[in-house]
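Listed here are the chains, written in short residue letters.
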Amino acid sequence: DTRGWGTTLFRYRTDAAQRAIAEYSKIAKANGMTLTELSLRWCRQRSMVSTSLVGHSNVKQLQESIKYFTMKEPLSDKVMWDVDIVHMRNRLPIFSSDRVGQDWLGEGEIGETIP
């Protein structure tokens, strides 16, 4: 990384974050949608999410976002649950570690090293 934004975005590049992204992508693909569509529709469907900040590099991306936010059909309960399962495993990716057992009891490792 170089100085600047790169070091502040480390949490999105941890092993845990990369695994979560791969799992979310599998859910999207298995349900015939893009990761963007899954993400935006999930945000729209969650009653506690009041704002979604999205960025667009071109008009096509903006049009896709509008399309997904205006879809009337909700995601199925199964898709919502599948997303929740991935989230429960990776609530805060920078602090996630596979090296902690289910019966943690204060032992093991929590978190990834920060550069």
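Throughout what follows, the structure given in this document is the object of discussion.

Turning next to the overall build of the chain. Looking only at helices and strands, the chain has 5 helices and 0 strands in total. Counting from the amino terminus, the chain carries its helices and strands in the arrangement α-α-α-α-α. Counting over 115 residues, the chain shows a buried share of 23%. Within the chain, contacts between residues separated by at least 24 positions form 56% of all contacts whose residues are at least 6 apart in sequence.

With that settled, the discussion passes to the environment of Val86. In this fold, Val86 is placed in helix H5 (residues 77-89). It is 9.1 Å that separates the C-alpha atoms of Val86 and Ile21, two residues lying 65 residues apart in sequence. Among residues more than four places away in sequence, those in contact with Val86 are Ala20, Glu23, Tyr24 and Ile27.

Right, let's talk about H5 for a bit. Here H5 contains 13 residues, and its C-alpha end-to-end distance of 19 Å stays within 8% of the 18 Å for a straight helix at 1.5 Å per residue. Those residues of H5 that are buried are in contact with helix H2 (15-30) and helix H3 (35-45).

The next point concerns the nonpolar core. Within soluble globular proteins, side chains that are nonpolar tend to cluster in buried spots. Counting residues in hydrophobic clusters, the biggest one holds 10 residues: Ala20, Ile27, Ala28, Met33, Leu38, Leu75, Val79, Met80, Val83 and Val86. For this core, the element with the most residues is H5, which contributes 4 residues.

The next point concerns the packing of H3 against H5. In contact at an axis separation of 11 Å, H3 and H5 are set at 100° when each is read in the N-to-C sense. With respect to H5, the element H3 is oriented roughly perpendicular. Contacts between H3 and H5 involve Leu38, Trp42 and Gln45 from the former and Val79, Met80, Val83 and Asp84 from the latter. Here the contact of H3 with H5 is built from residues that sort into 5 nonpolar, 1 polar and 1 charged.

A few words on the pattern of salt bridges. Note on pairing: side chains with opposite charge can pair once their charged atoms come close. Per the stated rule, a full pass over the model turns up 4 salt bridges. With a shortest N-O distance of 2.9 Å, Arg41 and Glu37 are connected by a salt bridge. One end of the pair is Arg41 and the other is Glu37, both in helix H3 and 4 residues apart, which spans about a single turn. Residue class for Arg41 comes out buried when judged on its relative accessible area of 9%. What makes Glu37 buried here is its relative accessible area of 10%. For Asp84, the salt bridge identified is with Arg46, shortest N-O distance 2.3 Å. Taken together, the residues span a long stretch of sequence, with Asp84 in helix H5 and Arg46 in the loop between H3 and helix H4 (59-70) at a distance of 38 residues.

Quick notes on the rules
Residues numbered from 1 in each chain as written. Predicted model: local features only at pLDDT ≥ 70, side-chain atom pairs only at ≥ 80, totals over all residues. Heavy atoms only, no water. Helix = DSSP H or I, 4+ residues; strand = E, 2+ residues; numbered from the N terminus. Buried < 20%, exposed > 50% of the residue type's maximum accessible area, 1.4 Å probe, protein only. Contact = heavy atoms within 4.5 Å. Expected span 1.5 Å × (residues − 1). Core = buried A, V, L, I, M, F, W, Y, C linked by side-chain atoms within 4.5 Å. Axes fitted to C-alpha atoms, helices over the stretch in contact; angles between N-to-C directions. Parallel < 35°, antiparallel > 145°, perpendicular 65-115°, else oblique. Nonpolar A, V, L, I, M, F, W, Y, C, P; charged D, E, K, R; others polar. Salt bridge = Lys/Arg side-chain N within 4 Å of Asp/Glu carboxyl O.

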